[in-house]
Structures are given as structure tokens and as C-alpha cells.
Amino acid sequence: MDKEEQEYKQFLEQQLQWCKKQDNILAKREIKLHEMKTIAQYILNHELTAIEIDRLNYQFKELQKKYHLLEVQLQSVVH
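1. Quick notes on the packing of helix H1 (residues 3-45) against helix H2 (residues 50-76)
Orientation of H1 relative to H2, taken along the N-to-C sense of each, is 160 degrees, at an axis distance of 9 Å. Classified by the angle between their axes, H1 and H2 sit roughly antiparallel to one another. The two elements H1 and H2 cross, and the hand of that crossing is left-handed. Along the contact surface, H1 presents Gln22, Ile25, Leu26, Lys28, Arg29, Lys32, Leu33, Glu35, Met36, Ile39, Tyr42 and Ile43, while H2 presents Leu56, Asn57, Gln59, Phe60, Leu63, Gln64, Lys66, Tyr67, Leu70, Glu71, Gln73 and Leu74. By residue class, the composition of the contact of H1 with H2 is 13 nonpolar, five polar and six charged.

2. Comments concerning the side chain of Lys32
Relative to the elements of secondary structure, Lys32 occurs in helix H1. Although Lys32 is buried, it makes no salt bridge; Glu35 carries the closest opposite charge, 4.0 Å away. Ignoring sequence-local partners within four residues, the contact set of Lys32 consists of Leu63, Lys66, Tyr67 and Leu70.

What counts, and at which threshold
Residues numbered from 1 in each chain as written. Predicted model: local features only at pLDDT ≥ 70, side-chain atom pairs only at ≥ 80, totals over all residues. Heavy atoms only, no water. Axes fitted to C-alpha atoms, helices over the stretch in contact; angles between N-to-C directions. Helix = DSSP H or I, 4+ residues; strand = E, 2+ residues; numbered from the N terminus. Parallel < 35°, antiparallel > 145°, perpendicular 65-115°, else oblique. Left-handed = near helix turned anticlockwise from the far one by under 90°. Contact = heavy atoms within 4.5 Å. Nonpolar A, V, L, I, M, F, W, Y, C, P; charged D, E, K, R; others polar. Buried < 20%, exposed > 50% of the residue type's maximum accessible area, 1.4 Å probe, protein only. Lys, Arg positive; Asp, Glu negative; His and termini not counted. Salt bridge = Lys/Arg side-chain N within 4 Å of Asp/Glu carboxyl O.

Written out as C-alpha cells, the structure reads:
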């Protein structure tokens, strides 16, 4: 294998690693979205006290923050 082929192989390996990182971030985002949906549906389907609503809203906002951090990671993984 000549130098050009080796460089191309290395480039493809880097691209594969980049795709794996992107896929991992996307999977984590999907989990966060599912958790937020579950909380929202629970709130809609149950009569809750103000304290329970506050607790669930806090959890929802924490998930939003984590989702946003994943979004930033997704944008920063540029190749």
C-alpha cells in the first residue's frame, strides 16, 4: 500500500469515528426527548399537586439543559 492509499485509509477511519460519535450523541438526544415526552404526558394525564408539578417541571428543565448540551456537542463535532 502506498502513502496515498494509507492516508486515504486513515481519512476513512477518521470519518468512521466521527460518524460513531455523531450517532452516539443523536442516541443520547433521543433518550432525553423520550424522557421529556414521558414527563409531559404524565402531567397531562394526572391531577397533580403544585409541589408535584414543580418537581416534574424541574426534572423537565434539567432534561432540556442536558439536551441542549448534547446539541452543542453535535454542532462542535465538526470534521
